[in-house]
Amino acid sequence: MNAITKRADACRQREFMGSFHDGTIQADGTPFHLGTTECALVEEALRKIEQGKSYIIHNPFPTTALPVALIASYAYSQKPSIPEGGGQPMLVFPASSRGYLGEIDNFHFPTTTSAKNNKTPLIPRYPIDALSEQSDRWGVYTANSGIVFDHESHDASLGAMFVDLQKPEWSERMFDRIEEFCEERPDVPVIFYTNEMGPAAELTEDRIGSRTLHITNDVLARAPPAESALGESDLTTQERLITSGDIEMHQFPVTDEEIGPLLSELIDLKNRCQNRDLAYIEVARVFNRLMKQPFKPIYWSRTVGANAFYDDVPGYINRIERRADNIDSGSDLLYTYARKANEVQGHLNDRHVVQNTVLDAIQRAGDDDGQSRFVVKNSAERDALRLAATDTGYAIPENVRIIERADVTPMPDARYVFLYPPYADDYVYEFPPSTQVAFIHNALWSNYVRKSAASATEKISVSHNSTSIGRTGTVGTVEDHVFDIDTLESDIEGYLRTADFGGYPSSSSSSGGGTGVEADTGSSRNGYVFQFSNGESRHFLPESIVTIYEQEKARISRKKAKNVSEGEVALLLDSVAGDLYDVLLDSAHKRETVRQDEETVENWRGVLERGRAREEMDYSDVVDALQANGSNITHWHSVRAWEKGRYMGPLDEGDCRRILQIFRPELEGVLLEQIHEQVWRAMKHLRLLHRRMGRNVRRAVEAEFNPATNAGFDGDVNKHMVRNIARGIERENIIRIDSSDDM
């Protein structure tokens, strides 16, 4: 018996869980069925809570069942009327949009027809707007959006907490407040739940020092095969799919022999343009529009029309030609690429073999008795494919649906056909939604899809097959194109780290371990000489990074030397310590990641600073421009604080995007969203990390004046970081700043 089965059996043997397992507890008239994996996860979480330990669950598979099971199981275990029920309340920071709070509210006994017929709720739930509103009454207290963290007024008992990091408010804006509350209540275990290991999850993992439970397909595969059950969740359905051992993934790479020479030339031109970083984004986008979509380019153009979020091939070609008009070196290559792309577009509008193959497959699926789901990326692609079918005289059979990727759910008896090459990190490879999953795509992507599928399923039982389709739609042997999928779309971070989206060389990196600081030796190089309260002076270059400690807010900020003011408190490192991150972060990988994030944020600030200078705008002008684009910002001081590094950046991610829109208008559509996403992620990571560091600096200061304080460092407090701060960092007031030019 493996660990999953043992844990599940132990969960089922808990007396209070009997009501879930025997169908006594229902949700809207349907038994709330817990599968083997869910039972094992509930058992593990309950054991952690009983041991007083916090825990992270990383589940990339989208499901509401697991949060419901975790919250409801602990809450019900504390019900005062059941044996050993401790009556302890639970505090939950939920992802309300996921809908699982309603599922908890809908629990009822079979003697009542629905939750509204209960005399009292099975699990009472109390929404709260402030921590102080929580009482000692048994039940689940759910934090409303905008909850007030009035820690000093919170004195109620608390058995456990559940924090859903899927909600941006909890993983971004309020994360440091939640983290601080957890640190103040080290005796209260917390279950952190996330669908991705983002900044908040990674920082939490580092803080609590606990091994994260990653839910993968091989975890689900450890459960014994089982029959379908009434009321089973989508996670249990996925478990049943994987344990069946009958999954088949079939590729249908499609090749048009007549476009072969054109395609080879287009690929060569694309690579040459991108190797020289000529209109990198536009070149990639027009290529992917031509080579990935399962219909003629004309149908995409007719569908998206005036939709500003999407671009079509003619739009990208025009943009490439405009780029060529404005450069000297490389213009001929861009013009040649644009002409070749236009030629390929013309061929595909005349004869699109992938479209023909897809429409034929849809018609053949109508001859089967089973249900088929043909999957496209989004609603625009769905509409374009329907337009293609209508235009060419095809009807969509009744047992066939064309759906968006977001609507894919586990359906063992349906056949799923993906009409594009999903990226390697798409969970469809790891969690196949049916026993029959197929991919129809241009043969260019054969190796990528094959490797992605094989890698994701190497630990479970899946058969992989491939049938090559020739120009006429008949099975034949064709030469496979060895071509890696465009790295830009699957790794925009890598692109941002090598290309400056601000339009200028980056200036945030400097010598000296990233600090750009050196002891004052009387050098006359341009820069600043900081005089400190301890009598020491140090020379900084204008772009050097200086770490400032804000005692009243218990946080740090990292500024360029040119933006530091007299009277601020600097954190000075021992001369051998290098950079702040060398002292506070114990992993070289973590230090490198943080520095890369700083580079990304500094790049964004450069967009603001240089854009303002170029357009001759003062800070009030920027506020006006932001408001014209829908911002709620009112004070110009905020814009100055973003630019100077006083604040990490906007609290509203929309303002982060708007700065790019105002000062880099050529960044549009999906590209704009991708760059904004990476900048915003970097800001979130640094903001959370700096607040944590600030709290630990405060602890080090307190411990300095009261050594007994160290005894209170338990639970989740990073004692290693506090110790390093006390040993390797000095806090000194900046009493004067002189320009080295004047000395």
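Residues numbered from 1 in each chain as written. Predicted model: local features only at pLDDT ≥ 70, side-chain atom pairs only at ≥ 80, totals over all residues. Heavy atoms only, no water.

Quick word on the sheet that holds strand β10 (residues 213-214)
Step number 1: Overall, parallel pairing links the seven strands, which are arranged β6-β7-β4-β8-β9-β3-β10 in an open sheet. Every other strand in the sheet has two partners, leaving β6 (125-130) and β10 as the edge strands with one partner each.
Step number 2: Of the pairings in the sheet, the one linking strand β4 (residues 90-93) to strand β7 (residues 140-148) comprises three bridges and is parallel in character. Looking across to β7, one finds that L91 is bridged to Y141.
Step number 3: Strand contacts of helix α7 (residues 175-184): β4, β8 (160-164) and β9 (190-194), with the helix running at about 160 degrees to β8, the strand carrying the most contacts.
Step number 4: Sitting on the sheet, helix α8 (residues 199-208) is in contact with β3 (55-58) and β9, with an inclination near 145 degrees to β3. (Pairing = 2+ DSSP bridges. Helix = DSSP H or I, 4+ residues; strand = E, 2+ residues; numbered from the N terminus. Contact = heavy atoms within 4.5 Å. Axes fitted to C-alpha atoms, helices over the stretch in contact; angles between N-to-C directions.)

Regarding helix α1 (residues 3-13)
Step number 1: What α1 keeps buried is the set I4, T5, A8 and C11. Down the axis of α1, the sector holding all buried residues measures 125 degrees, keeping them to one side. Every exposed residue of α1 that faces more than 90 degrees away from the buried side is listed here: A3 and Q13. (Buried < 20%, exposed > 50% of the residue type's maximum accessible area, 1.4 Å probe, protein only. Arc of directions from axis to C-beta.)

Structural notes on the confidence of the model for the protein
Step number 1: Within the protein, residue pLDDT values average 82, and 82% of them lie at 70 or more.
Step number 2: Taken as a whole, residues 472-499 scores under 50 in pLDDT and shows 55 contacts with residues more than four places along the chain or in a different chain.
Step number 3: Here residues 502-525 is modelled with pLDDT under 50, and outside its nearest four sequence neighbours on either side it reaches 49 contacts, counting other chains as well. (pLDDT = per-residue confidence, 0-100.)

Concerning the packing of aromatic side chains
Step number 1: Here the structure, examined in full by the defined rule, presents 17 aromatic pairs.
Step number 2: Ring pairing ties together the aromatic residues Y416, F418, Y420, Y429 and F439, which thus form one cluster.
Step number 3: Just above the ring of F287 sits the side chain of K270; from NZ or CZ to the centre is 5.3 Å.
Step number 4: Its end group placed over the ring of Y427, R405 keeps NZ or CZ at 4.5 Å from the ring centre. (Phe/Tyr/Trp six-rings, centres within 6.5 Å; stacked < 30°, edge-to-face > 60°. Lys NZ or Arg CZ within 6 Å of the ring centre and 35° of its normal.)

Some words on the sheet that holds strand β5 (residues 107-108)
Step number 1: The strand order β2-β1-β5 describes an open sheet built from three strands, whose pairing is antiparallel. Looking at strand neighbours, the two that pair on one side only are β2 (30-31) and β5, the edges of this open sheet.
Step number 2: In terms of strand pairing, strand β1 (residues 26-27) meets β5 through two bridges, oriented antiparallel. Each residue of the ladder has a partner; that of A27, found in β5, is F107.

A closer look at the packing of helix α12 (residues 280-292) against helix α15 (residues 331-350)
In helix packing, the relevant descriptors are the interaxial angle and the interaxial distance, both defined with respect to the helix axes.
Step number 1: In the contact formed by α12 and α15, the axes pass within 10 Å of each other and the chain directions differ by 15 degrees. With respect to α15, the element α12 is oriented roughly parallel. Along this stretch, α12 crosses α15, giving a crossing that reads as left-handed. Contact residues: α12 offers V283, V286, F287, L290 and M291, while α15 offers L334, Y337, A341, V344, Q345 and L348. (Parallel < 35°, antiparallel > 145°, perpendicular 65-115°, else oblique. Left-handed = near helix turned anticlockwise from the far one by under 90°.)

So, the environment of Q251
Step number 1: Relative to the assigned elements, Q251 resides in strand β11 (residues 247-254).
Step number 2: Along the backbone, Q251 and A438 are 187 residues apart, and their C-alpha atoms lie at a distance of 5.7 Å.
Step number 3: Of note is the side chain of Q251, whose polar atom sits 3.0 Å from the side chain of H441. (Polar contact = N/O pair within 3.5 Å; in protein donor to acceptor, adjacent residues only side chain to side chain.)

Details of the environment of N442
Step number 1: Here N442 shows up in strand β15 (residues 436-442).
Step number 2: For N442, a relative accessible area of 16% puts it in the buried group.
Step number 3: A sequence separation of 151 residues divides N442 from M291, and the C-alpha atoms of the two residues are 6.6 Å apart.

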